[in-house]
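# Descriptive structure summary
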Amino acid sequence: ALGSAWAEPRLISPSNGTTLSGSSVQFTWTGDGTKVFLWHLALGNEVRGEQFFSRGFESDVTSFTVHDLPTNGTEIFGTLFYLVKEGNAFRFFAKDYTFSTPLPAPPAMTTPPPGSVFQDTSVTLQWADRGTKASNWRIQVGTTVGGTQYKDITLGANSRSTVVTGLPADGSQVWVRLSYFYINVWRHIDYQYTAKITSTTPVITSPGAGGTISTVPFVIQWSPSLTNVEQWQVL
């Protein structure tokens, strides 16, 4: 070994175990007092792999920006090789590092717009993957967060819409959970809607009945209803 762990050549940026900032990342290393004759940086999808990058550097080069790295949430394994002299012989050493790559933008429900009032008791839900290529989707529609009273269906990777029938028409809250299976993990996003309103009585749609107000001031929204209202008063 070459002295203490803090006096050996090593990668100093990015830090081991961190998430990379994007597809282009500057890697910086140091000899920390040890005379290094050659460097070599390798990045791959396995330990000591070189699928993403592999290049040697002269002794005076201690930084390089690597481009075209993946940004899909997978792991990247890095190895910093360095050539030093021990006695009368030269010897290669290597230090291994592991990084995470940033996740792409999460999928999003697009139609109907989140927070809107359904126009019928049957609606078509549509969503966009926004670069997250999920292998499966799951749609849950119910009266509570994650509820399945109205719909619970798992769909294939190419699906981007589903029809929900049998919804109420009383202005009640309807929750939609969009789940997606990505990198061996189920992830989800919840959306709140208001059921179709057929009553002639105006209905407060937000905050939901019995809900908790978390910020002050807050916004109150109500349905236009089927009544011709001349004035509103909120108490």
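Here the structure is a predicted model, which means the values were calculated and not measured.

Reading the values: rules and limits
- Residues numbered from 1 in each chain as written.
- Predicted model: local features only at pLDDT ≥ 70, side-chain atom pairs only at ≥ 80, totals over all residues.
- Heavy atoms only, no water.
- Salt bridge = Lys/Arg side-chain N within 4 Å of Asp/Glu carboxyl O.
- Helix = DSSP H or I, 4+ residues; strand = E, 2+ residues; numbered from the N terminus.
- Buried < 20%, exposed > 50% of the residue type's maximum accessible area, 1.4 Å probe, protein only.
- Patch = residues over 30% accessible without salt bridge, like charges linked within 9 Å, V, L, I, M, F, W, Y side chains within 5 Å.
- Areas by Shrake-Rupley, 256 points an atom, 1.4 Å probe, with all protein chains shown as cover.

What follows concerns the pattern of salt bridges. Enumeration over the complete set of coordinates arrives at 8 salt bridges. One salt bridge in this structure joins R10 and D32, with 2.6 Å as the shortest N-O distance. Placement of R10 in strand 1 (residues 10-13) and of D32 in the loop between strand 2 (25-30) and strand 3 (38-44) is noted, with a sequence separation of 22 residues between them. On the basis of relative accessible area, D32 is assigned to the partly exposed category, the value being 31%. Among the ionic pairs, K133 bridges to D129, the shortest N-O distance being 3.7 Å. Given the relative accessible area of 58%, K133 is considered exposed.

What follows is about a nonpolar patch on the surface. Side chains of I204, W222, W232 and V234 sit close together on the surface and give an oily, nonpolar patch of about 400 Å² of accessible area. Structurally, V234 is set in the segment after strand 16 (221-222).

Both trends apply: most residues other than glycine have a negative phi, and most peptide bonds are in trans. Cis peptide bonds are those with omega within 30 degrees of zero, and the linkage from S13 to P14 qualifies with 0°. Of note, D32 is a non-glycine position whose phi angle comes to about 50°, a positive value. The backbone phi angle of R130 is positive, close to 55°, even though this residue is not glycine. With respect to the element layout, R130 can be found in the loop between strand 9 (123-128) and strand 10 (136-142).

The quantities given are spatial measurements derived from coordinates; they are silent on function.
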